[in-house]
Amino acid sequence: MLRPAKPVLRQPSGDPLVGERYEVEVGPVAHGGHCVARHEGRVLFVRHALPGERVIAQVTDGTTTSRFLRADAVEVLEGAKERIEAPCPFSGPGKCGGCDWQHVTPGGQRKLKGAVLTEQLAKLAGLTPEEARWDGSVEPVGGKLPAGEVPAWRTRMQYAVAEDGSIGLRKHRSHEVQPIDRCLIAADGVTELGIESRDWTGVAAVEAIAASGSSDRQVILRPRPGEQLPLVELDRETSIARIDEQDLFHRVHGRAFVRERAADRTWRVSNGGFWQIHPAAPDTLVDAVLTGLDPQWGESALDLYCGVGLFAGALADRVGEEGAVLGIESGKQAVLDARHNLAALENVRIECDKVETLLPRTGITSTDLIVLDPPRAGAGRDTVAHLCSLEARRIAYVACDPAALARDLAFFREGGYRPVSLRAFDLFPMTHHFECVAILEPAAEQQ
């Protein structure tokens, strides 16, 4: 009888260089929260550094045969003018991996993100900012804060738990837990739960959700294999749920959903489902999409990867009872939520399936408007080609990853669509992430 071969764990070839220190001059920022430097011809991706600085970089990953090395700037010999003292005590080399730019001024962070978007557009889409119709800025979101104060924007926090029951966040590219007593970017509604002060023995992970626009709070626990769910007492009224070993959601106490408020509606989001993390993000993105598309009464629209129906609802209001909106979403619970959230709108239909599977089967051959908010990997060549064949008047592409956006913009160009507007929003301060909204039209219309 043949037995399956045991998997072979590949060891990296060459001698390990972890711990080696090199003095380097830091080059440009790269996508991913680090900057590029070189030492004796070898590329280093250096975190906790800034372009133009001279630093001591300590290798965190790589061998003598690696194509590139990863490193942390453990000593700054010549600092950039945008450098500040990181306000978070858990930020820095070897510590929490959640934030990338704690050591940078808010304006400096946005410049770095703008440089990343410029580079990705050029490399993957062959577009300059002018050709992409982007003014080069990454727009701040939310009110201005006093100098040195960190924006507490993260309404959803995913904590890891160490073996001893202490709670924290993962270190960069590691399963190791950095214990914390407070996360500065966590929203006040998360902080007030007091999660960091509890013993979480027997639990592997804790997710905390503080809804925007309602008082709803939810904590979702993932017990360690074989462990019982502990008695949970927090500092305020909170719904409790757990995730089992098959990744199934179970309500323990309170509601299985939270109520979010955006675009003049209340939205049910169940089972820890997707919702924008920054409290101002839903309204910011809806406004950008509607401004760019300018929906007209009686038009038809598609909302692809529609989640719980945010853009579909906004579009339905604008196209009116003589218009029609079709939303497509692969998550079954999100579809149930979307149908609940938009039940009063007779001009909206929500279907459950993957976009690339269902869209060709709908029989739709044309539409006026399209919104797509794909996952981080983007929509891809085949889906973009199909969208171009529908001859929409305008397309709004909402992107959480600049590389995926740039790749898909290149595919749209193949299909005859060009951007007429591109905006970038700093919806994830202190991290390397940001959100973009591109508005596209048929190239023939731009002549």
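Up top you'll find the structure we're talking about.
Calculation rules
- Residues numbered from 1 in each chain as written.
- Predicted model: local features only at pLDDT ≥ 70, side-chain atom pairs only at ≥ 80, totals over all residues.
- Heavy atoms only, no water.
- Helix = DSSP H or I, 4+ residues; strand = E, 2+ residues; numbered from the N terminus.
- Rg over C-alpha atoms; globule rule 2.2 N^0.38 Å.
- Buried < 20%, exposed > 50% of the residue type's maximum accessible area, 1.4 Å probe, protein only.
- Contact = heavy atoms within 4.5 Å.
- Areas by Shrake-Rupley, 256 points an atom, 1.4 Å probe, with all protein chains shown as cover.
- Lys, Arg positive; Asp, Glu negative; His and termini not counted.
- Charge placed at Lys NZ, Arg CZ, Asp CG, Glu CD.
- Salt bridge = Lys/Arg side-chain N within 4 Å of Asp/Glu carboxyl O.
- Pairing = 2+ DSSP bridges.
- Axes fitted to C-alpha atoms, helices over the stretch in contact; angles between N-to-C directions.
- Phe/Tyr/Trp six-rings, centres within 6.5 Å; stacked < 30°, edge-to-face > 60°.
- Lys NZ or Arg CZ within 6 Å of the ring centre and 35° of its normal.
- Core = buried A, V, L, I, M, F, W, Y, C linked by side-chain atoms within 4.5 Å.

To continue, consider the overall build of the protein. Helix and strand counts for the protein come out as 8 helices and 22 strands. In summary, the protein has a C-alpha radius of gyration of 23 Å against a globular reference of 22 Å for 447 residues, a match within 12%. Dimensions of the protein, computed from C-alpha atoms along their principal axes, come out at roughly 70 × 65 × 60 Å. A burial count over the protein gives 51% of its 447 residues as buried. The long-range share in the protein, meaning contacts at least 24 apart out of those at least 6 apart in sequence, stands at 63%. For the protein, the computed accessible surface area is about 21,400 Å², with 49% contributed by carbon and sulfur atoms. Taking the 51 positively charged and 63 negatively charged side chains of the protein as two groups, their mean positions are separated by 3 Å.

Scanning all chains against the criterion turns up 27 salt bridges. With its nearest N and O atoms 3.1 Å apart, the salt bridge here joins Glu82 to Lys81. The partly exposed category is assigned to Glu82, whose relative accessible area is 21%. What makes Lys81 exposed here is its relative accessible area of 72%. Note that Arg259 is salt-bridged to Asp216, the shortest N-O span being 2.8 Å. Here Arg259, found in strand β14 (residues 257–262), pairs with Asp216, found in the loop between β10 (203–210) and β11 (217–223); they are 43 residues apart in sequence, far enough to count as distant. The exposure class of Asp216 is buried, given its relative accessible area of 6%. Look at the salt bridges and you will find they share partners, linking Glu23, Glu25 and Arg54 into a network.

It is worth spelling out the sheet that holds strand β1 (residues 21–30) at this point. Taking strand neighbours around the barrel as the criterion, the 5 strands line up as β1-β2-β3-β5-β4 in a closed arrangement whose pairing is mixed. For this sheet the average axis-to-axis angle between neighbouring strands, irrespective of direction, equals 50°. Here strand β3 (residues 42–47) pairs with strand β5 (residues 68–78) via 5 bridges, running parallel. Residue Val46 lies in a different strand from β5, and its bridge partner there is Ala71.

Take the packing of aromatic side chains next. Two numbers describe a pair of aromatic rings. These are the distance of the centres and the angle of the planes. Summed over the entire model, instances satisfying the criterion amount to 5 aromatic pairs. Aromatic side chains Tyr397 and Phe412 sit 6.4 Å apart centroid to centroid with 80° between the ring planes, which places their arrangement in the edge-to-face category. On the criterion of sequence distance, the pair formed by Tyr397 in strand β20 (residues 394–399) and Phe412 in helix α8 (residues 402–414) is long-range, its members being 15 residues apart. An aromatic cluster is defined as three or more aromatic residues linked by ring pairs; in this entry it consists of Tyr397, Phe412 and Tyr417. Taking NZ or CZ as reference, Arg268 lies 5.9 Å from the ring centre of Phe257, over its face.

You can see Gly272 is positioned in the loop between β15 (265–270) and α3 (281–293). On the basis of relative accessibility, which here comes to 23%, the residue Gly272 falls in the partly exposed class. Separated by 40 residues in the primary sequence, Gly272 and Ala312 place their C-alpha atoms 20 Å from one another. Non-local contacts of Gly272, meaning those with residues more than four positions away in its chain, are made with Arg156, Ile209, Gln218, Ile220 and Phe249.

With that settled, the discussion passes to the nonpolar core. The biggest cluster of nonpolar side chains holds 77 residues, and the ones touching the most others in it are Tyr159, Ile195, Trp200 and Val206. If sequence neighbours within four positions are ignored, Trp200 has contacts with Val161, Gly165, Ile167, Ile195, Val206, Leu221, Val232 and Leu234.

Turning to the pairing of β5, a few remarks are in order. The pairing of strand β4 (residues 54–61) with β5 spans 7 bridges and is antiparallel. The partner of Arg54 across the bridge, within β5, is Glu78. Between β4 and β5, which pair antiparallel one after the other, the connecting turn spans 6 residues, and Gly62 there sits at a positive phi close to 135°.

Honestly, that's just the spatial picture; any functional story needs more than this.
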